[in-house]
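Chain residues, written in single-letter form:
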Amino acid sequence: MFKKISMITALVLSVILLLGSLCGVFLIYGPVEYLRDLWITTAMETFHHQYLATWFFEEEYIDLVVERNKPQVNEEEINLDLIQIGDDHAMPEDVTSDTEPEFESEVEVIIEQEPPKPLITIEDVSRRNFVGYMMIISDPSLVRVGVTKGLGRTGERLDDMCDRLDAIAGLNAGGFSDRNGAGNGGYAEGIVMQDGEIVWNSTKGRKHDVVGITYDGKLLLQRMTEAEIKESNIRDCIEFNPFLIVNGVPTKVGVTGIHPRSSIGQTADGTFLFLAIDGRSTKSVGASQADVIEIMLEYGAVNCANLDGGSSSTMIHDGKLINKPSSARDMRSIATAFVVLDPEKMTQE
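What you see is a predicted model, and the numbers here were worked out from it, not measured in a lab. Every chain's residues receive numbers from 1 upward, in the order its sequence appears when written. Since the coordinates come from a predicted model, pLDDT governs what is reported: local features require at least 70, and pairs of side-chain atoms require 80 or more to be given and counted, while whole-chain, interface and lining totals use all residues. Side-chain metrics rest on all non-hydrogen atoms present in the structure, leaving aside hydrogens and water.

1. Brief notes about the nonpolar core
Turning to step 1, where the next piece is worked out: Residues grouped as a nonpolar core are buried Ala, Val, Leu, Ile, Met, Phe, Trp, Tyr and Cys residues, joined through side-chain atoms within 4.5 Å. Under the scheme applied here, a residue whose accessible area is under 20% of the maximum for its type counts as buried, over 50% as exposed, and between as partly exposed, the area being computed with a 1.4 Å probe on protein chains only. In this structure, Val-211, Ile-264, Phe-274, Phe-338 and Val-340 are the most contacted members of the largest nonpolar core, which totals 54 residues.
Turning to step 2, where the next piece is worked out: Here this core gets five residues from one element, more than from any other, and that element is strand β19 (residues 336–341).
Turning to step 3, where the next piece is worked out: Look past the residues within four positions of Val-211 in its chain and what remains in contact with it is Leu-219, Leu-220, Leu-221, Asp-236, Cys-237, Ile-238, Phe-240, Phe-243, Ile-264, Ala-305 and Phe-338.
Turning to step 4, where the next piece is worked out: Ranked by size, the runner-up nonpolar core spans 16 residues in total, among them Phe-130, Ile-136, Ile-277 and Val-292. Numbering goes from the N terminus for both helices and strands, where a helix is a DSSP run of H or I of at least four residues and a strand is a run of E of at least two. Contacts were defined at the residue level, with two residues in contact if any of their heavy atoms lie within 4.5 Å.

Written out as structure tokens, the structure reads:
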């Protein structure tokens, strides 16, 4: 009897494996081009799992798929006049009339003002296939670029970086050298500016995909040389791409991979948007660049840039981890981040 049960079990498992293999073959070699492109771009956008594409497809075909699905380079010059930063984030004061009252008894006239916006709000932006969080920062003057204290040697966890910089929130920013997944976050990719000074440039002699913040708190996305950056109004910057929304116009993206994602955006009134999307788990597979654009547009982003994603995607608020990074180490050490300074601890500049 036990032998019969074992044979039935083996048969069932064989059928399951066969069906799984057939589904895999159909997915990879079937008539649906979108599924093949999704498989290839998802694999090739990782450092460690490109074999999932190279095992099944020729190098020439992989290159073709990657090339035709690259986001279009947005060469449009950014128009920062579209961002009008007001005083909505300032604490309101009662406004009384300086004119003499027309009545015998003195009357104090008080103009009602709207209550101040909270400095930071975090909202759940999860969809069917992923879990995500949007951090809304109402005061753009508090957003800075944070840099690891061991730049050129070692990276730093985002919670430690925020604590060291007296920041109440943060989101991972630029990429870093990560050969064979052994990168320690110390070697930033591209150019990094902090407080008006170039502190790192691993790609000299070419234009940089600048994701910067000006002295007046505006998000600037532009391809620039190092000299142009120095001559500009940029206070802080990192380098990453693609720019997903410029001047309110979304970039045309192809079939991009499904991964954990991080992104920064800004609305017309100066509000900053930090987005973190989990991925590579059963609860949250991940998002495409098109998903990021859709969410950012829903929140009114005029400009938006893609940031380093994958296992580096991390969001911190008040010392607590908001999302669930896909890294086995909980939080990876990173080179740079966008942080929100604590207004109570911020010194006069």
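Anyway, onward from the coordinates.
2. Some words on the sheet that holds strand β16 (residues 301–307)
Turning to step 1, where the next piece is worked out: Should DSSP find at least two bridges between two strands, the strands are taken to pair. A sheet is described by the order of its strands in space; here seven strands give the open sequence β3-β4-β15-β14-β16-β12-β13, paired in antiparallel fashion. What marks the edges here is a single partner per strand, and that holds for β3 (120–124) and β13 (249–250).

3. Re helix α2 (residues 33–44)
Turning to step 1, where the next piece is worked out: One fewer than the residue count of a helix, multiplied by 1.5 Å, yields its expected span. The end-to-end C-alpha distance of α2, which contains twelve residues, comes to 16 Å, matching closely the 16 Å that a straight helix rising 1.5 Å per residue would cover.
Turning to step 2, where the next piece is worked out: Residues of α2 that are buried include every one of Arg-36, Asp-37, Leu-38, Ile-40, Thr-41 and Ala-43, and no others.

4. Let's talk about the environment of Asp-163
Turning to step 1, where the next piece is worked out: Relative to the assigned elements, Asp-163 resides in helix α5 (residues 158–164).
Turning to step 2, where the next piece is worked out: Residue class for Asp-163 comes out exposed when judged on its relative accessible area of 60%.
Turning to step 3, where the next piece is worked out: Placed 178 residues apart in sequence, Asp-163 and Leu-341 show a C-alpha to C-alpha distance of 10.0 Å.

5. Here's the deal with the packing of aromatic side chains
Turning to step 1, where the next piece is worked out: Note on ring pairs: Phe, Tyr and Trp rings are taken, using the six-membered ring of Trp, and paired if centres are within 6.5 Å. Classes follow the plane angle, with under 30 degrees stacked, over 60 edge-to-face and the rest tilted. For the structure shown, the criterion picks out one aromatic pair.
Turning to step 2, where the next piece is worked out: Between Tyr-187 and Trp-200, the ring centres sit 6.2 Å apart and the planes meet at 65°, which makes this aromatic pair edge-to-face. Here Trp-200 lies in strand β8 (residues 197–201) and Tyr-187 lies in the loop between β6 (167–172) and β7 (191–194), a separation of 13 residues in the sequence.

6. Overview of the pattern of salt bridges
Turning to step 1, where the next piece is worked out: Salt-bridge detection follows one rule: a side-chain nitrogen of Lys or Arg within 4 Å of a carboxyl oxygen of Asp or Glu. Counted under the stated rule, the structure contains eight salt bridges.
Turning to step 2, where the next piece is worked out: For the salt bridge of Lys-117 with Asp-269, the shortest nitrogen-to-oxygen distance reads 3.1 Å. Of the two residues, Lys-117 is situated in the loop between β2 (110–111) and β3 and Asp-269 in the loop between β14 (261–267) and β15 (272–277); the sequence distance between them amounts to 152 residues.
Turning to step 3, where the next piece is worked out: Owing to a relative accessible area of 30%, Asp-269 belongs among the partly exposed residues under this scheme.
Turning to step 4, where the next piece is worked out: We note a salt bridge from Arg-235 to Asp-236, for which the minimum N-O separation is 2.7 Å.
Turning to step 5, where the next piece is worked out: Arg-235 sits in the buried class, given a relative accessible area of 4%.

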